[in-house]
Amino acid sequence: MMNRSTRTLILPLLASVLLATGCATASDVAHTKHARADYGVPAQHAHRTIVVHERTRHINVTSGETVQFDVNGQRFAFAFNNWPNKDVVDLSVIAPEGVTAPKVRVYIAPNPLTQG
């Protein structure tokens, strides 16, 4: 059993740790959303569907394309509109919360219609 002086020291320390952990989690979520924005935005409809299997290692898409991903029955769509220096992304970065994406790299080709 803790004495009063020990409780006085430990409780504020414990509260600080819990608060810091909560802030880190919020920061991680904000970072993921920002990283996702570098490649495009979540979408409602798609031009094509790509089924991701356990052996899928990479996927090729084109900037300007909207793709629906089917990952173990969990579906989500993403409209690719990436920055020029952002040409590859892990599927887990663009997948919405709750979708467990395997280690798959998405390679984003430049859109030939917007090239000079």
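In the block above lies the structure referred to throughout.
Before going into details, it helps to say that this report is about the structure given with it. (Residues numbered from 1 in each chain as written. Predicted model: local features only at pLDDT ≥ 70, side-chain atom pairs only at ≥ 80, totals over all residues. Heavy atoms only, no water.)

Thoughts on the sheet that holds strand β1 (residues 40-43)
- Sheet architecture is open: four strands sit in the order β1-β5-β4-β2, paired in mixed fashion. The sheet terminates laterally at β1 and β2 (48-52), the two strands that pair on one side only. Taken over all neighbouring pairs, the strand axes of this sheet differ in orientation by 30° on average, direction set aside.
- As judged from the five bridges shared by β2 and strand β4 (residues 66-71), these two strands associate in the parallel manner. (Pairing = 2+ DSSP bridges. Helix = DSSP H or I, 4+ residues; strand = E, 2+ residues; numbered from the N terminus. Axes fitted to C-alpha atoms, helices over the stretch in contact; angles between N-to-C directions.)

Examining unusual backbone geometry
- Despite not being glycine, N72 has its phi angle at roughly 50°, a positive value.
- Residue position: N72 is located in the loop between β4 and β5 (74-80).

Section: the pattern of salt bridges
- Per the counting criterion, the structure on display carries five salt bridges.
- A salt bridge links K86 to D38, with the nearest nitrogen and oxygen atoms 3.6 Å apart. Of this pair, K86 sits in the loop between β5 and β6 (88-90) while D38 sits in the loop between α1 (4-37) and β1, placing them 48 residues apart in sequence.
- On the basis of relative accessible area, K86 is assigned to the partly exposed category, the value being 26%.
- Given a relative accessible area of 15%, D38 falls into the buried group.
- Ionic pairing is found between R105 and D90, a salt bridge with its closest N-O pair at 2.9 Å. In this pair, R105 sits in strand β7 (residues 105-109) while D90 sits in strand β6, placing the two residues 15 residues apart along the sequence.
- Since its relative accessible area comes to 22%, D90 is described here as partly exposed. (Salt bridge = Lys/Arg side-chain N within 4 Å of Asp/Glu carboxyl O. Buried < 20%, exposed > 50% of the residue type's maximum accessible area, 1.4 Å probe, protein only.)

What to know about the packing of aromatic side chains
- In this structure the tally under the stated criterion is three aromatic pairs.
- Note on F69 and F80: the rings are 6.3 Å apart at their centroids and 80° apart in plane angle, and the pair reads as edge-to-face. With F69 in strand β4 and F80 in strand β5, this residue pair connects regions lying eleven residues apart in the sequence.
- On the accessibility criterion, F80 (2% relative accessible area) is buried.
- In textbook terms, an aromatic cluster arises when at least three aromatic residues are bridged by ring pairs, as seen for F69, F76, F78 and F80. (Phe/Tyr/Trp six-rings, centres within 6.5 Å; stacked < 30°, edge-to-face > 60°.)

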